[in-house]
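This is what each chain is made of:
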Amino acid sequence: MFRVPLLVALSLIIAFGGGILFTLYALNATAGFGAIKLGSWEAFPSLHTADADPYAKSHRARAGRLLYGTAEGLAFAAIDDDSHNRLNAGCSYRISGQTPPARLWTLFTAGDDGEPLPSISGKPSALNSWTVLRNPDSSFVISVSQDATAGNWLALPPSGQFRLVLTLLDTPAAGNSGLIDLSMPKLEKTGCGHA
C-alpha cells in the first residue's frame, strides 16, 4: 500500500537532490565561457559585463564580488607554471617580463577560491606596479617563494597549493580588441624545497 508513494518520494528526492548537487558543481567548476589563456595566465573578459553568460552571472552573484566596468580592469589568474605543473608553496617560482599596458596592476597570492591568502607577519603578500623594482627596459623579475630573496619577493604560505592573481586596472587590454596579441610575464619554477 505504501510502496508506490514511497517510490515516488524516493524518485523526487533523488531527482531534486541530484539536480541541486550538479548545479552547484557546475557553478563551482567554471567562472563562465569565453576564457582567454596567455601562457600560464587565464582571464574571462566578459565575466564582468552585461553580456556574461548565465553561469558567469551566477558565479559572480554567489561570490559577492565587485565588478569592473568593461574598460576598468581585467583579472588574470595562474594556477600552473609555464611547464603546466600546479603551483605549490613548497617550490620557488620566478615571474619575469612585462605586463600589458595598464595605469596600475596588482599581484597577489590566493587560495583555490580566489580569495587572497592571509599575510604572514612582516612578509610581502602582494606587489603592485608602483612598488616593484624594474630593469632599465621596464621589465621586472619577481621571486615567489617561502624564503626571502633580494629584489622583488612575494612570500608563500608554509604549504599547500595556491594561485597568482594579476589584475590590470585602467587598461586597454580590457577592451574587446587586441587581447590575443598581449604578452604576459613568464612564470617559471626555479626549484623545490629550501635550496
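This text goes with the structure placed above it.
These notes cover the structure that comes with them.

Conventions we followed
Once a new chain begins, its residue numbering starts again from 1 and follows that chain's sequence as written. It should be noted that, the model being predicted, local features are given only for residues of pLDDT at least 70 and side-chain atom pairs only at 80 or more, the latter also being counted only at that level, while totals for whole chains, interfaces and linings use all residues. Heavy atoms from the whole structure form the basis of all side-chain values; hydrogens and water molecules are not counted. A run of H or I in DSSP counts as a helix once it spans at least four residues, and a run of E counts as a strand once it spans at least two, with each numbered from the N terminus. Each residue gets one of three labels from its accessible area relative to the maximum for its type: buried under 20%, exposed over 50%, partly exposed in between, using a 1.4 Å probe on protein chains only. For this analysis, residues touch if any pair of their heavy atoms sits within 4.5 Å. Method for areas: the Shrake-Rupley scheme with a 1.4 Å probe, in which residue coverage is limited to the protein chains shown. One bridge is not enough; two strands pair if DSSP finds at least two bridges between them. Convention adopted: a line fitted to C-alpha atoms gives each axis, helices being fitted over their contacting stretch, and angles between N-to-C directions are expressed from 0 to 180 degrees. Cysteine sulfur pairs qualify as disulfides if the two atoms are within 2.5 Å. Within this scheme, the nonpolar core is defined by two criteria: the residues are buried Ala, Val, Leu, Ile, Met, Phe, Trp, Tyr or Cys, and they are joined through side-chain atoms within 4.5 Å. Using protein atoms alone on a 1 Å grid, points that fit a 1.4 Å probe yet trap it form a cavity, whereas open point sets bounded by protein on both sides within 12 Å along at least five of seven lines form a pocket; residues with an atom within 4 Å of a point count as lining. Grid points are joined across faces, edges and corners, and a volume is the space filled by probe spheres set on the points. Under the scheme applied, nonpolar residues are Ala, Val, Leu, Ile, Met, Phe, Trp, Tyr, Cys and Pro; charged residues are Asp, Glu, Lys and Arg; polar residues are all the others, including Gly.

Along its length, the chain carries two helices and ten strands. Ordering the α and β elements of the chain from the N terminus gives α-β-β-α-β-β-β-β-β-β-β-β. Expressed as a percentage of its 195 residues, the buried residues of the chain come to 34%. For the chain, long-range pairs separated by at least 24 residues make up 70% of all intrachain contacts whose partners lie at least 6 apart in sequence. Here the chain has roughly 11600 Å² of accessible surface; of this, 60% comes from carbon and sulfur atoms.

Overall, mixed pairing links the four strands, which are arranged β8-β7-β4-β10 in an open sheet. Both edges of this open sheet fall to β8 (152–155) and β10 (186–192), since each of them pairs with a single strand only. Within this sheet the neighbouring strands show an average axis-to-axis angle of 25°, counted without direction. Pairing of strand β4 (residues 91–97) with strand β7 (residues 140–145), which is carried by five bridges, proceeds in the antiparallel orientation.

With that settled, consider unusual backbone geometry. Apart from glycine, the bulk of residues carry a negative phi angle, and the bulk of peptide bonds sit in the trans form. A positive phi angle, near 65°, is found at His-84, a position not held by glycine. Mapped onto the elements, His-84 comes out in the loop between β3 (73–78) and β4. Phi is positive for Ser-138, close to 75°, though the residue is something other than glycine. Here Ser-138 is to be found in the loop between β6 (126–128) and β7. What makes Ser-138 partly exposed here is its relative accessible area of 38%.

Here we take up the state of the cysteines. On inspection of all chains with the given rule, the structure shows one disulfide. In this model Cys-91 forms its disulfide with Cys-192; the gap between the sulfur atoms is 1.9 Å. Residues Cys-91 and Cys-192 are joined through a disulfide that is right-handed, its torsion about the S-S bond being 85°. Residue Cys-91 is found in strand β4, and its partner Cys-192 is found in strand β10; the two are separated by 101 residues along the sequence. Overall, Cys-91 belongs to the buried group, its relative accessible area being 8%. Residue Cys-192 is classed as partly exposed on the basis of its relative accessible area of 44%.

Core analysis: the largest hydrophobic core is formed by 28 residues, its most contacted members being Phe-76, Leu-107, Ile-142, Val-144 and Leu-164. Put simply, the parts of the chain that give this core at least two residues each are β1 (36–38), β2 (41–43), β3, β4, β5 (104–110), β7 and β9 (163–169). Not counting chain neighbours up to four residues away, the residues in contact with Phe-76 comprise Ile-36, Leu-38, Trp-41, Glu-42, Ala-43, Leu-164, Val-165, Leu-166, Leu-168 and Met-184.

Summed over the entire model, instances satisfying the criterion amount to two cavities of 30 Å³ or more. What lines the second largest cavity is Trp-41, Ile-95, Thr-99, Trp-105, Leu-107, Phe-140, Ile-142, Leu-166 and Pro-185. Of the residues that constitute the lining of the second largest cavity, the class distribution is eight nonpolar, one polar and no charged.

The subject of this paragraph is the sheet that holds β6. Whenever strands of a sheet pair, they do so through backbone hydrogen bonds, lying parallel or antiparallel. If you trace the six strands from one edge of the open sheet to the other, you get β1-β2-β3-β9-β5-β6, paired in antiparallel fashion. Looking along the sheet, the strands with just one partner apiece sit at the ends: β1 and β6. Across the sheet, the mean angle separating the axes of adjacent strands is 20° when strand polarity is ignored. Two strands pair when backbone bridges link them, and β1 and β2 are joined in this way by three bridges, in the antiparallel orientation. Bridge pairing in β2 places Lys-37 opposite Glu-42.

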